[in-house]
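Listed here are the chains, written in short residue letters.
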Amino acid sequence: MSAEHEVIDLDEHDHRPADSDGTVPDRLVSRRTMNVRLVAALVIGVVLGGAGASELRVSRDERERNASVVLVALPEDSVSGDSGTEVLGVIQLDGQLAVINAGPAPITVGAAAGQRPGIQVRDTGQSKLLRPGGTGWIDVKVRIECSSSTAFESEPLSIRFSVETADRRIREVNYPVAVKGGAWDRAAEMPCAYLSYAGKRGG
């Protein structure tokens with residue numbers, strides 16, 4: 001008589017994460033929803049962070065552009081003035097400085113002054129608004145001592161400008177202006193020669 005044996009597979013299990021009716025448990029749905037929300041929040045954070053960094057970079061670049069000053073100055077050929085004062089050996093000239101805004105933002109050029117033994121340059125109190133790439137002319141008074149040997153030496157004369165930038169701040173900018181052989185040098189040559197001759201005759 002043979003005995004019938006019932007084989008039972010002990011490894012057979014139902015791994016479906018479902019209830020007896022085949023539905024997914026609520027806790028699993030909640031977990032998946034939470035993961036999706038976390039991923040979405042992370043993506044939104046990255047996007048917003050990138051946009052914020054871009055705005056900060058643009059704002060910083062704009063501030064730097066508004067604060068930058070790059071200018072070029074040179075004496076204009078138009079010069080007038082008196083023939084000098086015999087006693088003092090000094091002549092006064094009315095001249096102009098051409099100022100070019102080589103920077104990226106508008107600037108307002110105010111005071112301009114430069115001095116060394118034998119020559120002094122000062123503005124007349126006017127200011128000029130210069131757009132980027134624009135040129136303005138500043139009236140100046142030039143005082144020259146004819147007896148000085150350093151007034152028109154080869155070294156440029158440093159002119160200090162007071163400049164208001166687009167961010168409403170005042171900045172001091174120095175620019176070397178060549179005067180030897182220029183308009184002021186030529187304008188002073190004849191009056192100084194006359195004063196020298198008159199001084200010798202008077203002596």
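These numbers were taken from a predicted model, which means no experiment stands behind them.

**Focus on the overall build of the protein chain**
Across its full length, the protein chain holds 2 helices and 9 strands. Scanning the protein chain from its N terminus toward the C terminus, one meets helices and strands in the order α-β-β-β-β-β-β-β-β-β-α. Looking at the protein chain as a whole, 26% of its 203 residues are labelled buried. Residue pairs at least 24 apart in sequence account for 64% of intrachain contacts in the protein chain once pairs closer than 6 positions are excluded. When the accessible surface of the protein chain is split by element, carbon and sulfur atoms take 53% of a total near 13900 Å².

**A closer look at the state of the cysteines**
Scanning all chains against the criterion turns up 1 disulfide. Sulfur-sulfur distance for the disulfide between cysteine 146 and cysteine 192 comes to 2.0 Å. Judged by the torsion about the S-S bond (-75 degrees), the cysteine 146/cysteine 192 disulfide is left-handed. One end of the pair, cysteine 146, is in the loop between β7 (135–145) and β8 (157–164); the other, cysteine 192, is in helix α2 (residues 183–202), and 46 residues separate them in sequence. The buried category is assigned to cysteine 192, whose relative accessible area is 13%.

**Some points on unusual backbone geometry**
Phi is positive for arginine 168, close to 70 degrees, though the residue is something other than glycine. Its place among the elements puts arginine 168 in the loop between β8 and β9 (170–177). For arginine 168, a relative accessible area of 70% gives the class exposed.

**Topic: the pairing of β9**
As paired strands, β8 and β9 are joined by 8 bridges and run antiparallel to one another. Bridging across to β9, isoleucine 159 finds its partner in tyrosine 175.

**Quick look at the nonpolar core**
Judged by nonpolar contacts, the single largest core of 30 residues is most densely connected at Val99, Ile119, Ile144, Phe161 and Trp184. Looking at this core, the elements that each hand over two or more residues are β1 (71–75), β3 (90–101), β4 (107–116), β5 (119–123), β7, β8, β9 and α2. For this core, the element with the most residues is α2, which contributes 5 residues. Discounting chain neighbours no more than four positions away, the residues touching phenylalanine 161 are Leu71, Ala73, Leu97, Val99, Val109, Ala111, Ala112, Ile138, Arg171, Glu172, Val173 and Tyr175.

**Observations concerning the environment of leucine 97**
Looking at where leucine 97 falls in the secondary structure, it is placed in strand β3. Judged by relative accessible area, leucine 97 falls into the buried class, the value being 0%. Separated by 19 residues in the primary sequence, leucine 97 and serine 78 have C-alpha atoms spaced 9.6 Å apart. Sequence-distant contacts of leucine 97, that is, excluding residues within four places in its chain, are made with Leu74, Pro75, Gly136, Trp137, Ile138, Val140, Ile159, Phe161, Val177 and Trp184.

Reading the values: the criteria
Residues numbered from 1 in each chain as written. Predicted model: local features only at pLDDT ≥ 70, side-chain atom pairs only at ≥ 80, totals over all residues. Heavy atoms only, no water. Helix = DSSP H or I, 4+ residues; strand = E, 2+ residues; numbered from the N terminus. Buried < 20%, exposed > 50% of the residue type's maximum accessible area, 1.4 Å probe, protein only. Contact = heavy atoms within 4.5 Å. Areas by Shrake-Rupley, 256 points an atom, 1.4 Å probe, with all protein chains shown as cover. Disulfide = S-S within 2.5 Å. Pairing = 2+ DSSP bridges. Core = buried A, V, L, I, M, F, W, Y, C linked by side-chain atoms within 4.5 Å.

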